[in-house]
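# Coordinate analysis (summary)
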Amino acid sequence: MAYVIVASIISVVVSLIYLGYVWISFRQVKNNRKTEQSDISSESSEWESESWFSWKAFISIILSSVILFFLGKSAQFWNFVPFIAIGTAIAVIFALAIDIRKKA
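What you see is a predicted model, and the numbers here were worked out from it, not measured in a lab.

Reading the values: the criteria
Residues numbered from 1 in each chain as written. Predicted model: local features only at pLDDT ≥ 70, side-chain atom pairs only at ≥ 80, totals over all residues. Heavy atoms only, no water. Phe/Tyr/Trp six-rings, centres within 6.5 Å; stacked < 30°, edge-to-face > 60°. Buried < 20%, exposed > 50% of the residue type's maximum accessible area, 1.4 Å probe, protein only. pLDDT = per-residue confidence, 0-100. Helix = DSSP H or I, 4+ residues; strand = E, 2+ residues; numbered from the N terminus. Expected span 1.5 Å × (residues − 1). Contact = heavy atoms within 4.5 Å. Core = buried A, V, L, I, M, F, W, Y, C linked by side-chain atoms within 4.5 Å. Axes fitted to C-alpha atoms, helices over the stretch in contact; angles between N-to-C directions. Parallel < 35°, antiparallel > 145°, perpendicular 65-115°, else oblique. Left-handed = near helix turned anticlockwise from the far one by under 90°. Nonpolar A, V, L, I, M, F, W, Y, C, P; charged D, E, K, R; others polar.

Below, the discussion takes up the packing of aromatic side chains. Per the counting criterion, the structure on display carries one aromatic pair. Aromatic pair F69 and F70: ring centres 5.6 Å apart, planes at 65 degrees, arrangement edge-to-face. Residue classification places F69 among the partly exposed positions, given a relative accessible area of 48%.

The next point concerns the confidence of the model for the chain. Detail in the predicted coordinates should be disregarded across regions flagged by low pLDDT. Looking at the chain as a whole, its pLDDT mean stands at 76, while 80% of the residues score no less than 70. Taken element by element, the predicted model of the chain shows its lowest mean pLDDT in helix α2 (residues 40–48) (53) and its highest in helix α1 (residues 2–35) (82).

What follows is about α1. For α1, with 34 residues, the first-to-last C-alpha span of 50 Å sits near the 50 Å given by 1.5 Å per residue. Buried-residue contacts for α1 involve α4 (81–103).

Let's shift gears to α4. Over its 23 residues, α4 runs 33 Å from end to end, which matches the ideal 33 Å to within 8%, given 1.5 Å per residue. Summarising the contacts, the buried residues of α4 are in contact with α1.

This next bit is on the nonpolar core. The tendency in soluble globular proteins is for nonpolar side chains to be buried as a group. Counting five residues, the largest nonpolar core consists of A7, V14, I86, A89 and I93. Those elements that provide at least two residues to this core are α1 and α4. A per-element tally of this core places α4 first, with three residues. Apart from residues no more than four positions distant in its own chain, I86 is found in contact with A7, I10, S11 and V14.

In this structure, S25 sits in helix α1. A relative accessible area of 12% places S25 in the buried class. If we ignore the near neighbours within four places in the chain, the residues touching S25 are L96 and I100.

Any two packed helices are characterised by how steeply their axes cross, that is the angle between the axes, and by the distance between the axes. Between α1 and α4, whose axes approach to 9 Å, the crossing angle comes to 30 degrees. Considered as vectors, α1 and α4 are oriented roughly parallel to each other. For α1 against α4, the interelement crossing comes out left-handed. Considering only residue class, the contact of α1 with α4 consists of 19 nonpolar, four polar and one charged.

Below, the structure is given as structure tokens:
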């Protein structure tokens, strides 16, 4: 029961931080789209970063499959699902923070 309370408190804090970074990121994209309507240099930088995205997506698919495999093997692993979700949100927060710092 204690892990449910801890997971709930941590998830509320992480959710608020997550929403804050998402809001900042959306505003930044909106401002960039207004200032750069059709800049060819920004299009080339998007294509350069695509290969990194594909590797990240591939790794996330593999990790998700491994997690789902373990969840199917034992009911005890279901206790870790809230913490896995919190960890995923923290990873996205770090990714958004790094992206915002790079663009600033």
